[in-house]
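# Commentary on secondary and tertiary structure
For reference, the chains in residue letters:
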Amino acid sequence: MSRRLQPAIRASICGVFVPFSVPRARPMSLSRLSASDRRAVAAATLAAGLLIAQQVAARAVRDALFLSAFQVKSLPLVMGASAIAALAGAELLSVGLSRKAPSRLGPAVAGLSALLLALWWAVGLTWPRAAAVFLYLHVAAFGGALVSGFWSMVNERFDPYTARKVVGRIAAGATAGGIAGGFLVWAASRALPPPAAVLLLSRHAALTICHSRTVDLPSVVRTGDVGVAAVGRAEM
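The present account deals with the structure reproduced in this document. Worth saying up front: this structure is predicted, and the values here are computed from it rather than measured.

## Quick look at the overall build of the protein
From N to C terminus, the protein includes 7 helices and 2 strands. Helices and strands in the protein line up, N terminus first, as β-β-α-α-α-α-α-α-α. Put simply, the protein has 236 residues, and 29% of those count as buried. For the protein, long-range pairs separated by at least 24 residues make up 70% of all intrachain contacts whose partners lie at least 6 apart in sequence.

Encoded structure:
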């Protein structure tokens, strides 16, 4: 039997082993997907990038806010509490998924997370130490739940054969989001205090850094909702 017909499977017919072959499935390219599937892959790739960027930024802001309010020796205690919060979040997510579809539960959980982040920012204006603890527990409880809910939505949207072909593309978007999130946190740390960063996280905001050589600076500034000048020159 030719190597091109591998892998071969032997079936028993009346006690005699007869070899026969199963043709290999050709890999599916994205161009062979339907238009709706291609749009869904693009949306999922973008959503994965934004979600992981937000997760990276949330963890950086969480640590900065907590360490600005407490001593390092308090970390083991809050890390233990965050582990309990993560387990509780996973349990609540599993219960929710058993009752509602991921496409309905996922956006609801993300919306609740955004509202709570805005609440922690408001709390931090008066009680910064309490806000630091709340944010630490929040990231632990919602972080894994949001990621698990997202991949549950992906599995719900695509059949197993199609999912096997497109998950790599979606995961690449998540990887790019992680890199972008780390860079944005580094850039924002130079201009924003940790409490203000919590408010940006609640709106899933993106930060654009401009400088003296930015091309068409006025048009870039007009695309933003908030502009902050930090050049050390009055009335710049």
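## Quick notes on the pattern of salt bridges
Going through the model one piece at a time under the given rule, you end up with 2 salt bridges. D37 is paired through a salt bridge with R157; the nearest N and O atoms lie 3.0 Å apart. With D37 in helix α1 (residues 35–69) and R157 in helix α4 (residues 128–157), this residue pair connects regions lying 120 residues apart in the sequence. Among the ionic pairs, R62 bridges to D63, the shortest N-O distance being 3.0 Å.

## What about the packing of aromatic side chains?
According to the stated counting rule, one finds 4 aromatic pairs in the structure shown. For the pair F66 and F70, a centre-to-centre distance of 4.8 Å together with 20 degrees between the ring planes defines the contact as stacked. Its relative accessible area of 2% is what places F66 among the buried residues. In this structure F70 comes out as buried when scored by relative accessible area, which is 18%. Feature note: the residues F66, F70 and Y136 constitute an aromatic cluster, connected by ring pairs. Here R62 stacks its cationic end above the ring of Y136, 4.4 Å away from the centre of that ring.

## So, the nonpolar core
Counting residues in hydrophobic clusters, the biggest one holds 22 residues, and the most contacted among them are F150, F158, V166 and I170. Of all the secondary structure elements, the ones that give two or more residues to this core are α1, α2 (75–97), α3 (102–126), α4 and α5 (160–188). Residue contributions to this core peak at 7 residues, all from α4. Once residues within four sequence positions are removed from consideration, F150 is found in contact with A44, A47, A48, L51 and I170. Among the nonpolar cores identified, the runner-up in size contains 15 residues, and V61, V78, A131 and L135 belong to it.

## Some details on α4
Taking 1.5 Å as the rise per residue, α4 with 30 residues should run 44 Å; its terminal C-alpha atoms sit 41 Å apart, in good agreement. In α4, a bend of some 25 degrees at F142 exceeds every other bend along the element.

## Comments concerning empty space enclosed by the protein
In this structure the tally under the stated criterion is 1 cavity of 30 Å³ or more. Computed from the structure, the largest cavity encloses a volume of approximately 60 Å³. Those elements that place two or more of their residues in the lining of the largest cavity are α1, α3 and α4. Counting residues per element, the lining of the largest cavity draws most heavily on α4, at 5 residues. Among the residues forming the lining of the largest cavity, the class breakdown is 5 nonpolar, 5 polar and 1 charged.

## Looking at the environment of F70
Inspection of the secondary structure assignment puts F70 in the loop between α1 and α2. Separated by 62 residues in the primary sequence, F70 and A132 place their C-alpha atoms 8.7 Å from one another. Those residues in contact with F70 that lie beyond four places of it in its chain are R129, A132 and V133.

## Some thoughts on the packing of α3 against α4
It is at 9 Å that the axes of α3 and α4 come closest, and there the two elements cross at 165 degrees. Between α3 and α4, the interaxial angle falls into the category roughly antiparallel. Read as a crossing pair, α3 and α4 show a hand that is left-handed. Of the residues contributing to the contact of α3 with α4, the split by class is 17 nonpolar, 8 polar and 1 charged.

## Considering the packing of α2 against α4
Put simply, α2 and α4 touch, their axes get as near as 7 Å, and they point 35 degrees apart. Here the hand of the crossing between α2 and α4 comes out right-handed. Mapping the contact onto sequence places L75, V78, M79, A81, S82, A85, A86, G89, L93 and L97 in α2 and Y136, L137, A140, A141, A145, S148, G149 and S152 in α4. The class makeup of the residues in the contact of α2 with α4 is 13 nonpolar, 5 polar and no charged.

Thresholds applied
- Residues numbered from 1 in each chain as written.
- Predicted model: local features only at pLDDT ≥ 70, side-chain atom pairs only at ≥ 80, totals over all residues.
- Heavy atoms only, no water.
- Helix = DSSP H or I, 4+ residues; strand = E, 2+ residues; numbered from the N terminus.
- Buried < 20%, exposed > 50% of the residue type's maximum accessible area, 1.4 Å probe, protein only.
- Contact = heavy atoms within 4.5 Å.
- Salt bridge = Lys/Arg side-chain N within 4 Å of Asp/Glu carboxyl O.
- Phe/Tyr/Trp six-rings, centres within 6.5 Å; stacked < 30°, edge-to-face > 60°.
- Lys NZ or Arg CZ within 6 Å of the ring centre and 35° of its normal.
- Core = buried A, V, L, I, M, F, W, Y, C linked by side-chain atoms within 4.5 Å.
- Expected span 1.5 Å × (residues − 1).
- Bend = angle between axes of the 7 residues up to and from the residue.
- 1 Å grid on protein atoms, 1.4 Å probe; cavity = no way out; pocket = protein on both sides within 12 Å on 5 of 7 lines; lining within 4 Å.
- Points joined across faces, edges and corners; volume = space filled by probe spheres on them.
- Nonpolar A, V, L, I, M, F, W, Y, C, P; charged D, E, K, R; others polar.
- Axes fitted to C-alpha atoms, helices over the stretch in contact; angles between N-to-C directions.
- Parallel < 35°, antiparallel > 145°, perpendicular 65-115°, else oblique.
- Left-handed = near helix turned anticlockwise from the far one by under 90°.

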